[in-house]
Amino acid sequence: AKQLGKNNVQLFSNALSGKPTDHYELEADMRKALINNEFEVYYQPRVCTNTGKILSAEALIRWNHPELGFLPPIEFIPLAEENGLISEIGDWVAKTVCIQLKAWQGEQLQVVPISINISAQGFLRNDVISRFQSLLDETNIDPHLLEIEITESSYMFNMEKVVQDLAELRKMGIKVALDDFGTGFSSLTQLKELKIDTLKIDRSFIKHIAEKKQDEVITSGIIELAHGLDIQVVAEGVETKEQLTLLRAKNCDQIQGYLFSKPIREAEFRSLLEKGFIQ
Ligand code: C2E
Ligand code: CA
Ligand code: CA
Ligand code: CA
């Protein structure tokens, strides 16, 4: 009877609302969701710090649950990681993005690379390389249009395998971003070992960059370090003009955050792509 107290409260409130949010039901729902097309990919632009040109976008999953409505990833991704469905969900996102890229190209849109989040579990599978290879073969998209975002939880347990896999993926032409940099135990050693194209500075650093000298200094250091290693830097969670001004002065390459755009549906992203810039 672990965590009885907490679970009790949860079950009680679920019983009251009548919502099937307990884990068993949500897990079964998740399996159905894949079949019934209830998941949806949103896109959040990554823009050039100086010009606002759209350089890339991150694919972020949402779930349109038939009873619970719109669910953000925090409500189901951790559960999917627990029950193993994350691999299938990850495959679905990757394939959806590739198909979308093809469709945009078919409409003569100026496409940009799309980054997808790969969970540690998905990344540590033995067949991660062959799965990406079949995805590329099947969808026939330019591998340079795909970037995978990994977090430290992917490499902390089996650095050797991850270093090999990343090298392999990059040989195939797929780009690699290190997500949430600055949180957890991400270290300089890892930056040295992992061959990556992009480093994403976590939102928690950006949040107070305009008020906290420490965060500002750390951010400057990360940017300089990354540039010294030929790595592009993305600042995550940029919400204010002040943050943008600081990041410009520090030569941060790309900005992702509500200041420019929240994650948006494909139709909306497509009209942004048509313009190519966000003011
Ligand atoms: P993440 O990979 O760090 O994604 C960035 C999150 O920050 C997104 O939340 C995005 O909406 C949010 N964000 C971006 N700019 C701002 C801002 O200016 N202010 C604030 N407050 N937030 C901002 P989202 O979409 O809710 O995703 C949360 C997390 O769920 C992601 O964090 C990622 O870890 C996970 N996730 C999302 N989609 C997928 C997926 O397809 N596969 C996997 N494995 N994980 C996913
Ligand atoms: Ca991410
Ligand atoms: Ca992130
Ligand atoms: Ca995160």
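Whatever comes next refers back to the structure up there.
We now turn to the structure provided with this report. Quantities reported herein were computed from a predicted structural model and do not represent experimental measurements. (Residues numbered from 1 in each chain as written. Chains lettered and ligands numbered in written order. Predicted model: local features only at pLDDT ≥ 70, side-chain atom pairs only at ≥ 80, totals over all residues. Heavy atoms only, no water.)

## Describing the overall build of the chain
Within the chain, the secondary structure is distributed over 13 helices and nine strands. Relative to its length of 279 residues, the chain is compact, with a C-alpha radius of gyration of 19 Å against a globular reference of 19 Å. Each of the three principal axes of the chain carries a C-alpha extent, and together these read 55 × 45 × 40 Å. Scored against the burial criterion, the 279 residues of the chain give a buried share of 51%. Taking contacts inside the chain between residues at least 6 apart in sequence as the whole, the part at least 24 apart equals 67%. Carbon and sulfur atoms make up 52% of the accessible area of the chain, which amounts to about 14,400 Å² in all. The average position of the 30 basic charges and that of the 41 acidic charges among the side chains of the chain differ by 3 Å. (Helix = DSSP H or I, 4+ residues; strand = E, 2+ residues; numbered from the N terminus. Rg over C-alpha atoms; globule rule 2.2 N^0.38 Å. Buried < 20%, exposed > 50% of the residue type's maximum accessible area, 1.4 Å probe, protein only. Contact = heavy atoms within 4.5 Å. Areas by Shrake-Rupley, 256 points an atom, 1.4 Å probe, with all protein chains shown as cover. Lys, Arg positive; Asp, Glu negative; His and termini not counted. Charge placed at Lys NZ, Arg CZ, Asp CG, Glu CD.)

## Side note on the coordination of the calcium ion (ligand 2)
Around the calcium ion (ligand 2), the donor atoms from the protein are Glu 58 (OE), Asn 117 (OD1), Glu 149 (OE) and Asp 179 (OD), and they sit 2.1 to 2.3 Å away. Site description for the calcium ion (ligand 2): donor spacing in sequence, E-x58-N-x31-E-x29-D. Here the calcium ion (ligand 2) and the calcium ion (ligand 3) are spaced 3.9 Å apart, linked through Asp 179, which binds each one. Of this pair, Glu 58 sits in strand 2 (residues 54-65) while Asn 117 sits in strand 4 (residues 114-117); the two residues are 59 residues apart in sequence, bridging distant segments of the chain. Taking the relative accessible area as the measure of exposure, Asn 117 reaches 33% and is therefore partly exposed. (Donors = N, O, S within 2.8 Å, 3.2 Å for Na, K, Ca; no water.)

## A short note on the side chain of Gln 243
With respect to the helices, strands and loops of the structure, Gln 243 is situated in helix 12 (residues 241-249). Look at Gln 243 and you get buried, because its relative accessible area is 6%. Separated by 3.2 Å, the side chain of Gln 243 and the backbone oxygen of Ile 206 make a polar contact. Beyond its immediate sequence surroundings of up to four residues, Gln 243 is in contact with Ile 206, Lys 207, Ile 209, Gly 237 and Val 238. (Polar contact = N/O pair within 3.5 Å; in protein donor to acceptor, adjacent residues only side chain to side chain.)

## Some thoughts on the coordination of the calcium ion (ligand 3)
Tetrahedral coordination by four donors sets the ideal angle at the metal to 109.5 degrees; octahedral coordination by six donors sets it to 90 or 180 degrees. Surrounding the calcium ion (ligand 3) are the protein donor atoms Asp 179 (OD), Asp 180 (OD), Glu 236 (OE) and Glu 236 (OE), at 2.2 to 2.5 Å. Going along the chain, you hit the donors of the calcium ion (ligand 3) in the pattern D-D-x55-E. The exposure class assigned to Asp 179 is buried, which follows from its relative accessible area of 8%.

## Brief notes about helix 11 (residues 213-228)
Look at helix 11: 23 Å from first C-alpha to last across 16 residues, which is about the 22 Å you get at 1.5 Å a residue. Every buried residue of helix 11 is accounted for by Asp 215, Glu 216, Thr 219, Ser 220, Ile 222, Ile 223 and Ala 226. Looking straight down helix 11, one finds its buried side chains confined to an arc of 165°; they lie on one side. Exposed positions of helix 11 whose direction lies more than 90 degrees from the buried face are Lys 213, Gln 214, Glu 224 and Gly 228. Residues of helix 11 that are buried make contact with strand 6 (175-181), strand 7 (198-201), helix 10 (203-206), strand 8 (232-236) and helix 12. (Expected span 1.5 Å × (residues − 1). Arc of directions from axis to C-beta.)

## Concerning helix 2 (residues 23-36)
The end-to-end C-alpha distance of helix 2, which contains 14 residues, comes to 19 Å, matching closely the 20 Å that a straight helix rising 1.5 Å per residue would cover. Along helix 2, the residues classified as buried are Leu 26, Asp 29, Met 30, Ala 33 and Leu 34. For helix 2, the angular spread of buried residues about the axis comes to 145°, placing them on one side. Away from its buried face, by an angle of more than 90 degrees, helix 2 presents the exposed residues Tyr 24 and Ile 35. Considering only its buried residues, helix 2 is in contact with strand 1 (39-48), strand 2, helix 3 (77-83) and helix 4 (86-106).

## Quick notes on the environment of Glu 266
Within the secondary structure layout, Glu 266 lies in helix 13 (residues 266-275). The spatial distance from the C-alpha of Glu 266 to the C-alpha of Tyr 42 is 6.2 Å, given a sequence separation of 224 residues. Those residues in contact with Glu 266, other than ones at most four positions away along the chain, are Val 41, Tyr 43, Gln 100 and Trp 104. At 3.2 Å, the side chain of Glu 266 forms a polar contact with the side chain of Gln 100.

## Overview of the packing of aromatic side chains
Under the defined criterion, the tally for this structure stands at eight aromatic pairs. Ring centres of Tyr 43 and Phe 269 lie 5.4 Å apart, and the angle between their planes is 15°; on these two criteria the pair is classed as stacked. Placement of the pair is Tyr 43 in strand 1 and Phe 269 in helix 13, with a sequence separation of 226 residues. Ring pairing ties together the aromatic residues Phe 39, Trp 63, Phe 76 and Trp 92, which thus form one cluster. Against the face of Tyr 42 rests Arg 62, its NZ or CZ located 5.2 Å from the ring centre. Lying over the aromatic face of Tyr 258, Lys 262 brings its terminal NZ or CZ to 4.7 Å of the ring centre. (Phe/Tyr/Trp six-rings, centres within 6.5 Å; stacked < 30°, edge-to-face > 60°. Lys NZ or Arg CZ within 6 Å of the ring centre and 35° of its normal.)

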